[in-house]
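Architecture at a glance
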Amino acid sequence: TQKDKHMELDMGITYYKALNKYFSYELVSGVGRGTAWYSNTQDLVNDYMFSFNAQKINLYIQPNFSFRFNNRIDLSLFSRVSSCRYYNITSTLILGDRPLPVDSDQYFNERSSASMQFLEPGFQFRVGSDNFKLQLVVSRTFMLNGSEVAYRKSNYYLGLALNFSL
């Protein structure tokens, strides 16, 4: 059984360009910092268990193409490219009857830091006023650096979007 928990705070900036009344382009970039916890327990008879705790930093850039239905509702398509660095990793491994950790756990075993890059195409739905919107983000994640790591391939986020015109 694989379980994970990630907590982070992301902050970013956006370049926005209206193409016409209905279509717009945004370039979003940002940074996030937080913690990650992961656990993998398999075959309780053989007692295999791997877990880790880590701090993490995310950097990302994300172009958005949006369609505005009206002043309150818009839909965007995006493709986020991100880099995630885990550091201060502390891990626990109990092999049981296995000679080595399973493939998805080897990348983090006995490391103090690790980096991964991802591509996340998806869509974003926002509803609200001009300067304050609730947003739903749905994406599919693909790892770019080819490591055999367990990660969430489908993501669902609920959040707030605030608009500050500078």
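Residues numbered from 1 in each chain as written. Predicted model: local features only at pLDDT ≥ 70, side-chain atom pairs only at ≥ 80, totals over all residues. Heavy atoms only, no water.

With that out of the way, let us pick up the packing of aromatic side chains. Across all of its chains, the model carries eleven aromatic pairs by this definition. Taking 5.3 Å as the distance between ring centres and 55° as the angle between the ring planes, the aromatic pair formed by Phe 23 and Phe 67 counts as tilted. Placement of the pair is Phe 23 in strand 2 (residues 23-42) and Phe 67 in strand 3 (residues 48-68), with a sequence separation of 44 residues. Residue classification places Phe 67 among the partly exposed residues on the basis of a relative accessible area of 30%. (Phe/Tyr/Trp six-rings, centres within 6.5 Å; stacked < 30°, edge-to-face > 60°. Helix = DSSP H or I, 4+ residues; strand = E, 2+ residues; numbered from the N terminus. Buried < 20%, exposed > 50% of the residue type's maximum accessible area, 1.4 Å probe, protein only.)

Let's shift gears to the nonpolar core. Judged by nonpolar contacts, the single largest core of 17 residues is most densely connected at Phe 52, Tyr 86, Ile 89, Phe 108 and Met 116. Those elements that provide at least two residues to this core are strand 2, strand 3, strand 4 (73-94) and strand 5 (113-128). Per-element tally for this core: the top contributor is strand 3, with four residues. Apart from the residues within four sequence positions on either side, Phe 52 is in contact with Ala 36, Trp 37, Tyr 38, Tyr 86, Ile 89, Thr 90, Ser 91 and Phe 108. (Core = buried A, V, L, I, M, F, W, Y, C linked by side-chain atoms within 4.5 Å. Contact = heavy atoms within 4.5 Å.)

Pairing geometry for strand 1 (residues 2-18) and strand 2, over 17 bridges, is antiparallel. What sits directly across from Thr 14, in strand 2, is Val 28. Counted along the chain from strand 1 to the antiparallel partner strand 2, the turn is four residues long. (Pairing = 2+ DSSP bridges.)

Before going further, it helps to spend a moment on the environment of Thr 90. Considering the arrangement of structural elements, one finds Thr 90 in strand 4. The spatial distance from the C-alpha of Thr 90 to the C-alpha of His 6 is 15 Å, given a sequence separation of 84 residues.

Right, let's talk about the environment of Phe 69 for a bit. For Phe 69, the location among the structural elements is in the loop between strand 3 and strand 4. Linking Phe 69 and Phe 23, residues 46 residues apart in sequence, is a C-alpha distance of 9.3 Å. Not counting residues within four places of it along the chain, the set of residues in contact with Phe 69 comprises Asp 74 and Leu 75.

This part covers unusual backbone geometry. Positive phi, close to 50°, is recorded for Asn 88, a residue that is not glycine. Mapped onto the elements, Asn 88 comes out in strand 4. Since its relative accessible area comes to 54%, Asn 88 is described here as exposed. A positive phi angle is found at Glu 110, which is not glycine, with a value near 60°.

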